[in-house]
Amino acid sequence: MRPRPPITGRGIFSGTGLVIIALAATVVALLVPLWSYAGRQDPASANVLSARTVTTPYGPLSEQDRDFVTKVRLAGLWELPAGQLAQRKGTTPAVRTAGQHLVDGHTSLDAHVRTVATQLGLALPNEPNAQQKEWLDTLNAAEGQEFDRRFAGLLRLAHGRVFSLVAQVRAGTQNSLVRDLADDANTTVLDHIKVLEATGYVDFSVLAEDLAAPATPVPTPPEVDPGAAAPVTPSPGETYALPPAAASPPPATGSP
């Protein structure tokens, strides 16, 4: 008896059928994790995200936006008094000039941040944080060139830290009021950085180390409604003539 030839069927076990089955299995393997992930979406995570970003008439307001508004307010609460100290205690025209720039810049910037906070309904601190108070105590205790050196070092460090935050917020915020405030803060901070460096007392090697080190988180002081936030303005009766900037600032000495 001759052997029976193989049957060439048309079912799913034919060559074409096997290819189709393999492709279908691959598609299922790719889609099942996606369906499974979608089904396991954590409601708590969604709630956290919605709580951190809120809707306003001026665009979404993120947690970073709110933190930025608070930091702009805090900066004025200690940097304007520091500028007044520099006007009174600075031993060179360049240091006193830097002090005048801090007073003028934060008087204007603080008015802007209080307006933004009112429009967005954000509470603001009415006093500097603990670290900023320590810096002011340091400046109050220093005299002569020691004051000049500490003033330039501390203020340049503070402005360097906030400068990167301003850029980050400006690049990513979706809120038009925060964008305008970031533009104003960028101009003000850059001006202050330049006049502080013009004093000649900024030690850039120490500054680089301080900026590279992670900043220690400092609690924000109690906040009040924006309408109750006291304006940051120069103390009455304390006005000083603005001297010309020093043409040849003294060499940098020591760390802040």
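What you see is a predicted model, and the numbers here were worked out from it, not measured in a lab.

Undergrad: Would you take a moment to explain the overall build of the chain for this structure?
TA: Across its full length, the chain carries 8 helices and 2 strands. In sequence order, the secondary structure elements of the chain are arranged as α-α-α-α-β-α-α-α-α-β. By residue count, 37% of the 256 residues in the chain fall in the buried class. Considering only contacts in the chain between residues 6 or more positions apart, those separated by 24 or more positions represent 83%.

Undergrad: How do you make sense of the confidence of the model for the chain when you look at a structure like this?
TA: Low-pLDDT portions of the prediction should not be read for the details of their coordinates. Looking at the chain, the pLDDT average stands at 81 and 71% of residues meet or exceed 70. Low pLDDT, under 50, characterises residues 30–50; the predicted model gives this stretch 0 contacts beyond four residues in sequence or across chains.

Undergrad: Honestly, the layout of surface pockets in this entry has me stumped. Any pointers?
TA: If a probe as big as a water molecule is rolled over the atoms, it shows which places are left empty. Approximately 580 Å³ is the volume attributed to the largest pocket. Looking at the largest pocket, it is lined by 23 residues, and the ones nearest its centre are Lys 71, Asn 129, Gln 131, Gln 132 and Arg 161. Those elements that provide at least two residues to the lining of the largest pocket are helix H3 (63–89), helix H5 (130–141) and helix H6 (144–172). It is H3 that provides the largest number of residues to the lining of the largest pocket, a total of 7 residues.

Undergrad: What is the right way to read the packing of H6 against helix H8 (residues 204–212) from this model?
TA: The description of two helices packed together rests on the angle between their axes and the distance between the axes. Where H6 meets H8, the axes come as close as 10 Å, and the angle between the chain directions of the two elements is 45 degrees. Relative to H8, H6 is oriented oblique. Considering only the axes of H6 and H8, their crossing is right-handed. Facing H6, whose interface residues are Arg 156, Leu 157, Gly 160 and Arg 161, H8 presents Leu 207, Asp 210 and Leu 211. When the residues that make up the contact of H6 with H8 are grouped by side-chain class, the tally is 3 nonpolar, 1 polar and 3 charged.

Undergrad: How do you make sense of the packing of aromatic side chains when you look at a structure like this?
TA: For any pair of aromatic rings, the description rests on two quantities: the centre-to-centre distance and the angle between the ring planes. Applying the stated criterion to the full structure yields 2 aromatic pairs. Look at Trp 78 and Trp 135: their rings are 5.0 Å apart centre to centre, the planes differ by 50 degrees, and that puts the pair in the tilted class. Residue Trp 78 is located in helix H3, and its partner Trp 135 is located in helix H5; the two are separated by 57 residues in the primary sequence. Like Trp 78, the residue Trp 135 is buried in the burial classification. On the basis of an interplanar angle of 15 degrees and a centroid distance of 5.8 Å, the ring pair of Phe 147 and Phe 151 is categorised as stacked. Linking Phe 147 with Phe 151, this pair stays in helix H6, spanning 4 residues, or about one helical turn. For the pair formed by Phe 147 and Phe 151, the shared burial category is buried.

Undergrad: How do you make sense of the pattern of salt bridges when you look at a structure like this?
TA: Working definition: two side chains of opposite charge can pair if their charged atoms are close together. One pass over the full model with this rule turns up 10 salt bridges. Notably, a salt bridge pairs Asp 110 with Arg 114, separated by 2.9 Å at the nearest N-O pair. Of the two residues, Asp 110 and Arg 114 are both situated in helix H4 (residues 93–120); the distance of 4 residues between them amounts to about one turn of the helix. For the pair shown, Asp 110 and Arg 114 are each scored as buried. Within this structure, Arg 73, Asp 110 and Arg 114 form a network of salt bridges that share partners.

Undergrad: Would you mind going over H5 with me for this structure?
TA: Spacing of three or four residues puts side chains on the same side of an α-helix, whose turn is 3.6 residues. For H5, with 12 residues, the first-to-last C-alpha span of 17 Å sits near the 16 Å given by 1.5 Å per residue. Along H5, the positions that sit buried rather than exposed are Gln 132, Trp 135, Leu 136 and Leu 139. Buried residues of H5, viewed axially, fall in a sector of 100 degrees; they line one side. Exposed and oriented more than 90 degrees from the buried face of H5 are Glu 134, Asp 137 and Ala 141. If you follow the buried residues of H5, they end up packed against H3 and H6. The N-cap of H5, judged by a side-chain oxygen 3.1 Å from the amide nitrogen of Gln 131 a few residues on, is Asn 129.

Undergrad: Which parts of the structure should I look at to understand the side chain of Arg 73?
TA: Positionally, Arg 73 belongs in helix H3. When residues no more than four places from it in sequence are discounted, the contact partners of Arg 73 are Asp 110, Val 113, Arg 114, Leu 124, Pro 125, Asn 126, Ala 229, Ala 230 and Val 232.

Undergrad: Explain the side chain of Gln 132 here, please?
TA: Here Gln 132 is to be found in helix H5. When neighbours within four sequence positions are excluded, Gln 132 is seen to be in contact with Leu 74, Ala 75 and Trp 78.

What counts, and where the lines are drawn
Every chain is numbered on its own, with residues counted from 1 as its sequence reads. Confidence filtering applies because this is a predicted model: local features only for residues at pLDDT of at least 70, side-chain atom pairs given and counted only at 80 or more, and all residues used for totals across whole chains, interfaces and linings. Working from all heavy atoms in the structure, the side-chain values ignore hydrogens and water. In DSSP terms, a helix is any run of H or I states spanning at least four residues, a strand is any run of E spanning at least two, and both are numbered starting from the N terminus. Using a 1.4 Å probe on the protein chains alone, a residue whose accessible area is under 20% of its type maximum counts as buried, one over 50% counts as exposed, and one in between counts as partly exposed. Residue contacts follow a heavy-atom distance rule, with two residues in contact if any of their heavy atoms lie within 4.5 Å. Per residue, pLDDT captures the predictor's confidence, and it can take any value from 0 to 100. Note on definitions: the grid is 1 Å and covers protein atoms alone; a cavity is a set of points where a 1.4 Å probe fits but cannot get out; a pocket is an open set with protein on both sides within 12 Å along at least five of seven lines; lining residues have an atom within 4 Å of a point. Grid points are joined across faces, edges and corners, and a volume is the space filled by probe spheres set on the points. In this description, a line fitted to the C-alpha atoms serves as the axis of each element, helices being fitted only across the stretch in contact, and the angle between N-to-C directions of two axes falls anywhere from 0 to 180 degrees. Angle categories are assigned with fixed cut-offs, so that under 35 degrees is roughly parallel, over 145 is roughly antiparallel, 65 to 115 is roughly perpendicular, and the rest are oblique. By convention, the crossing between two helices is left-handed when the near helix turns anticlockwise from the far helix through less than a right angle, and right-handed when the turn is clockwise. Throughout, the ten residues Ala, Val, Leu, Ile, Met, Phe, Trp, Tyr, Cys and Pro are labelled nonpolar, Asp, Glu, Lys and Arg are labelled charged, and all others, Gly among them, are labelled polar. Any two of the Phe, Tyr and Trp rings considered here, Trp counted by its six-membered ring, make a pair once their centres fall within 6.5 Å; the pair's planes then place it as stacked at under 30 degrees, edge-to-face at over 60, or tilted in between. A side-chain nitrogen of Lys or Arg and a carboxyl oxygen of Asp or Glu constitute a salt bridge if their distance falls within 4 Å. The span you would expect from a helix comes to 1.5 Å times its residue count less one. This arc corresponds to the set of directions leading from the helix axis out to the C-beta atoms. The definition of a polar contact used here is a pair of N or O atoms within 3.5 Å, where within protein one atom must be able to donate a hydrogen and the other to accept one, and adjacent residues in sequence count solely through side-chain atom pairs.

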